[in-house]
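Chain by chain, the residues:
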Amino acid sequence: MEEIQSQSENYRSSSSSASSPASRVPSSNFFYLRKPGSLRQPISFEDSPEWEDTDIDVRVEEGGDSINIATTPVSPSLSKLNSGSLPSPPLPEGATAVRKIAGASIVWKDLTVTIKGKRKYSDKVVKSSNGYALPGTITVIMGPAKSGKSTLLRAIAGRLPHSARMYGEVFVNGAKSHMPYGSYGFVEREITLIGSLTVREFLYYSALLQLPGFFCQKKSIVEDAIHAMSLGDCSNKLIGGYCYMKGLSNGERRRLSIARELVMRPHILFIDEPLYHLDSVSALLMMVTLKKLASTGCAIIFTIYQSSTEVFGLFDRICLLSNGNTLFFGETLACLQHFSNAGFPCPIMQSPSDHFLRAINTDFDKIIAMCKNWQDDNGDFSSVNMDTAVAIRTLEATYKSSADAAAVETMILRLTEKEGPVLKSKGKAGTATRIAVLTWRSLLIMSREWKYYWLRLILYMIFTLSVGTVFSGSGHSLSSVVTKVAAIFVFVSFTALLSISGVPAVIKEVEVYTSEESNHHFGALVFLFGQLLSSIPFLFLISIPSSVVFYFLIGLRDEFSLLMYFMLNFFMCLLVNDGLMLVVVSLSRDVFWSTLTLVSVQVVMMLSAGYFRIRNALPGPVWTYPISYIAFHTYSIQGLLENEYIGTSFAVGQVRTISGYQALRSAYDISPDKNSKWQNLLILFLMAVAYRILVFVVLYFRVGNKKSIHNIFKCNRDTTNNAR
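In this text the structure is predicted, and so the values were computed from the model without any measurement. Residues take numbers from 1 onward in each chain, read along the sequence in its written order. Given that this is a predicted model, residues contribute local features only at a pLDDT of at least 70 and side-chain atom pairs are listed and counted only at 80 or more, while totals for whole chains, interfaces and linings are drawn from all residues. Calculated side-chain values reflect all of the structure's heavy atoms, with hydrogen atoms and water omitted.

Caption draft 1: Summary view of the overall build of the chain. Helix and strand definitions here come from DSSP, where helices need a minimum of 4 consecutive H or I residues and strands a minimum of 2 consecutive E residues; each element is numbered from the N-terminal end. Scanning the chain for helices and strands turns up 24 helices and 14 strands. Partly exposed residues are those whose accessible area sits between 20% and 50% of the maximum for their type, while under 20% is buried and over 50% is exposed, using a 1.4 Å probe and protein chains only. Counting every position in the chain, which comprises 724 residues, the buried fraction comes to 53%. Sequence separation of 24 or more characterises 77% of the internal contacts of the chain that already satisfy a separation of 6 or more. In what follows, a contact means two residues having at least one pair of non-hydrogen atoms within 4.5 Å.

And the structure:
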């Protein structure tokens, strides 16, 4: 304890020198935002007034769907820092602000999260965290990297991964009930948007996928979301991304990802790093927008790593974490006072969030150790010699014994002593509606994504013309059989290989599905039906011109029924190949590994297709079975050759003829049955179905099989009972 006090005094002396009256320089750039009419004073906490608790009384109306929050006025010098962000007339002295809010309160009590192997020193990522979020307010979870911010946010929202275990209690409006669909929104840190849609189209399709009711009723909801997130100027602009040079800025993309959740009009909104990769102007605009959104009654909880002074002034409450430990929870100004009381006052020219992270981020110890070996004109690079671990222990011990921690416990008791209105689900769109909407959206995306359809069509046509001209002029004699077999093999095998060019577009589809499924917009079955129905027209548009050009350049039999079978067979081949791509991409969403895997699989299938060596002569058991039986090239080539040669004959000399089946036996192994080509087509269809069933299983277990908060509570109760 003596070590902590001595090092704390060193930190106080080094920090107070920067905030002493002699060193203060008046500047209009370093002020907190206050209520209109209140004095604007520079940042200083050595002479800041004592923090007085705000008496907040939460009353739940019987039979109502709202929560009344009565707040007694505090001293003018302790007005909330964020109240100046939105102009409002000052309240008269002694008045009580009563506001009816349609949001919901959420409380977490003794929340502990363990993840096996997540940390080397401990498997506890969050340790006994307590806090709450009220309607109409912004609650920020702040801390350095790997401090447990995102884990705590996911634990409160009930979105922890399978490897995590949660202990503790989460209350929504005073009850231990799960948040139903549509009552809350969750925005991930990594944004996954559809670049080929405009902002308005993207939100409109999201509303159609999420909300029940008529289409016309959802237009006003979309416009409200656009207005709420200040996206009116770019509402008709393409989002942009992978295939487009221009698009939305990072700030606009972040606000659009939030607007996608606002179409459900949630009571509680969780956001993971809303200021991620944003510049200072975009970050301030984002925070002002969120502040305006909170004023409508929505309770907003988000994580943040660092912020500017202006952004910091817009926070209502702060939950400060370090290594999973809660160093503070309470009002914004109280956090600054807490650091000052613990011996770490914020210097006048430093941002509060920078000061917090400087005090609790253990990575600064490495910087100090490096700087001790370097000198500049003014001496050491760092004048602070206090160990960060000591600062963390000091802040944690100070908070546990402070009035702020007691006030949090009192507030939690008030919020949980009586159950409020239960949040109700807003309903979902029907399965048929979601399939239709997803199909139409996918059709629109495919028509605009030149890498998905147009590039593949161009490549197929160039390749078909090349193969057709190389093998053209072979005639219909017996000597042409070997040439046509080679041409059909090259056509089927290499067009399947060229389809790998669609891997980036398929990866984008799966990523969009993952993002939307995590918020329960639709499931794996709806995604597969929508993807299948939307891809069928484009695969037909690819197979028709390619088949016609190849068919007549090679000089196959001039019969309409045979041409139709050729196109249908080639279409089924493309459909199976698309299913194979979906399987590989669902397992590995990396372009390099997906492409490498598909190329390897295609090469192995080409080797076992029966062209380089007759299929019956392949060495067993690996090549004969199962490789040659799962290679769709085999069934496609067999069907096309049977379509061309079964029922034909070739003259050998002047008196003898042989059938097309006999002429083909030396070059390729086919069946003499006339109906075998339809059997091969049926096998291709079944393979296309089997691949999509496999995709469904992969997506369900890797993406869709998420634990609900109800299951988490059940797991925690079972664990508690077993422990007892």
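Further notes follow.
Caption draft 2: Local environment of the packing of helix α3 (residues 199–210) against helix α5 (residues 250–262). Closest axis-to-axis distance for the α3/α5 pair is 9 Å, and the angle between their directions is 30°. Between α3 and α5, the angle is such that the two are roughly parallel. Crossing angle aside, the handedness with which α3 passes α5 is right-handed. On the side of α3, the interface is formed by V199, F202, L203, S206 and Q210, while α5 contributes L256, A259 and R260. Angles here are taken between N-to-C directions and fall from 0 to 180 degrees, while the axes themselves are lines fitted to C-alpha atoms, restricted in helices to the stretch in contact. Our angle categories are set so that under 35 degrees counts as roughly parallel, over 145 as roughly antiparallel, 65 to 115 as roughly perpendicular, and the remainder as oblique. Each crossing gets its handedness from the near helix: less than a right angle anticlockwise from the far helix is left-handed, clockwise is right-handed.

Caption draft 3: Region of the structure containing the sheet that holds strand β7 (residues 164–172). Think of it this way: DSSP has to see at least two bridges between two strands before they count as a pair. The strand order across the open sheet built from three strands is β5-β4-β7, with neighbouring strands paired in antiparallel fashion. Where the open sheet ends on each side, the last strands, each with one partner, are β5 (124–133) and β7. Across this sheet, the average inter-strand angle for adjacent strands is 5°, counted without regard to direction. Across six bridges, the pairing between strand β4 (residues 106–115) and β5 is antiparallel.

Caption draft 4: Summary view of the packing of aromatic side chains. Stacked, tilted and edge-to-face pairs are distinguished by plane angle, under 30 degrees for stacked and over 60 for edge-to-face with tilted covering the rest, among Phe, Tyr and Trp rings (Trp via its six-membered ring) whose centres lie within 6.5 Å. Here the structure, examined in full by the defined rule, presents 28 aromatic pairs. When the centroid spacing of 5.9 Å and the interplanar angle of 85° are considered together, the rings of W108 and F329 count as edge-to-face. In this pair, W108 sits in strand β4 while F329 sits in strand β12 (residues 325–331), placing the two residues 221 residues apart along the sequence. Across the pair, F329 and W108 agree in class, each one buried. On the numbers, 5.3 Å between centres and 85° between planes, the contact of F489 with F612 is edge-to-face. Here the residue F489 occupies a position in helix α15 (residues 480–498), and F612 occupies one in the loop between α19 (591–607) and α20 (623–630), the gap between them amounting to 123 residues. Take F612: its relative accessible area is 53%, and that puts it in the exposed class.

Caption draft 5: Representation of the sheet that holds strand β10 (residues 299–304) in the model. Ordered in space as β8-β9-β10-β6-β11-β12, the six strands form an open sheet in which the pairing is mixed. The sheet terminates laterally at β8 (184–187) and β12, the two strands that pair on one side only. Neighbouring strand axes in the sheet, compared pairwise and without regard to direction, differ in orientation by 15° on average. Here strand β9 (residues 268–271) pairs with β10 via four bridges, running parallel. Opposite I271, over in β10, you have F302 as the bridge partner.

Caption draft 6: Representation of the pattern of salt bridges. Every case where a carboxyl oxygen of Asp or Glu lies within 4 Å of a side-chain nitrogen of Lys or Arg is listed as a salt bridge. On inspection of all chains with the given rule, the structure shows twelve salt bridges. Notably, a salt bridge pairs R265 with D224, separated by 3.0 Å at the nearest N-O pair. Note that R265 is positioned in the loop between α5 and β9 and D224 in helix α4 (residues 215–228), a separation of 41 residues in sequence. By relative accessible area, which is 42% here, D224 ends up partly exposed. Through salt bridges with shared partners, a single network forms among R154, R159 and E188.

Caption draft 7: Quick peek at the nonpolar core. Core analysis: the biggest nonpolar cluster contains 195 residues, and I106, F270, L290, I300, F302 and F315 have the highest contact counts within it. A per-element tally of this core places helix α18 (residues 560–587) first, with 18 residues. Excluding its chain neighbours within four sequence positions, the residues that come into contact with I300 are T137, I138, T139, L269, I271, L290, L293 and A294. Residues belong to a common nonpolar core when they are buried Ala, Val, Leu, Ile, Met, Phe, Trp, Tyr or Cys residues joined through side-chain atoms within 4.5 Å.

Caption draft 8: Representation of the UniProt feature "transmembrane region" (unreviewed entry) in the chain in the model. UniProt positions are given in the numbering used here, feature names are shortened, and annotations may be inferred rather than shown by experiment. Under the present numbering, the feature "transmembrane region" (unreviewed entry) in UniProt falls on residues 453–473, 485–507, 527–554, 566–585, 591–612 and 681–701. For residues 485–507, helix accounts for 83% and strand for 0%, while the C-alpha atoms at its two ends are 34 Å apart. Taken end to end, residues 591–612 is 77% helix and 0% strand, and its two terminal C-alpha atoms sit 30 Å from one another.

Caption draft 9: Broad picture of unusual backbone geometry. For S230, which is not glycine, the phi torsion reads 55° and is therefore positive. You can see S230 is positioned in the loop between α4 and α5.

Caption draft 10: How the structure looks around the pairing of β12. Summarising burial for β12: seven of the seven residues are buried, a large majority. Across six bridges, strand β11 (residues 317–322) lies against β12 in antiparallel orientation. Looking at the pairing, R317 lines up with E331 of β12. Between β11 and β12, which pair antiparallel one after the other, the connecting turn spans two residues, and N323 there sits at a positive phi close to 55°.

Caption draft 11: Expanded view of the environment of S129. Note on placement: S129 falls in strand β5. Separated by 23 residues in the primary sequence, S129 and L152 have C-alpha atoms spaced 8.4 Å apart. What S129 contacts, discounting residues up to four positions off in sequence, is W108, K109, D110, L111, L152, C319 and T326.

Caption draft 12: Seen up close, the side chain of E516. Tracing the backbone through its elements, the reader meets E516 in helix α16 (residues 503–518). We classify E516 as buried; its relative accessible area is 0%. Apart from the residues lying within four places of it in its own chain, the contact partners of E516 are L209, R260, R441, H521 and F522.

Caption draft 13: Quick peek at helix α14 (residues 454–470). Over its 17 residues, α14 extends 24 Å from the first C-alpha to the last, a length consistent with the 24 Å expected when each residue adds 1.5 Å. Those residues of α14 lying buried are R456, L457, Y460, F463, T464, V467 and G468. Projected onto a plane normal to the axis of α14, the buried residues spread over an arc of 135° and lie on a single side. Residues of α14 that are exposed and point over 90 degrees away from its buried face: I462 and V470. One less than the residue count of a helix, multiplied by 1.5 Å, gives the span that helix is expected to have. This arc describes the spread of directions from the helix axis toward the C-beta atoms.

Caption draft 14: Local environment of the environment of A155. Secondary-structure assignment places A155 in helix α2 (residues 149–157). Owing to a relative accessible area of 1%, A155 belongs among the buried residues under this scheme. Filtering out sequence-adjacent residues up to four positions away, A155 remains in contact with L111, V113, L160, M166 and V170.

Caption draft 15: Quick peek at the packing of α18 against helix α21 (residues 632–645). Axis separation between α18 and α21 bottoms out at 10 Å; the angle between their running directions is 180°. Comparing the axis directions of α18 and α21 gives the class roughly antiparallel. In contact with L562, Y565, F566, N569, C573, V576, N577 and L580 of α18, α21 contributes F632, Y635, S636, G639, L640 and N643. Across the contact of α18 with α21, the residue classes tally to nine nonpolar, five polar and no charged. Amino acids outside the nonpolar list (Ala, Val, Leu, Ile, Met, Phe, Trp, Tyr, Cys, Pro) and the charged list (Asp, Glu, Lys, Arg) are all regarded as polar, and Gly is one of them.

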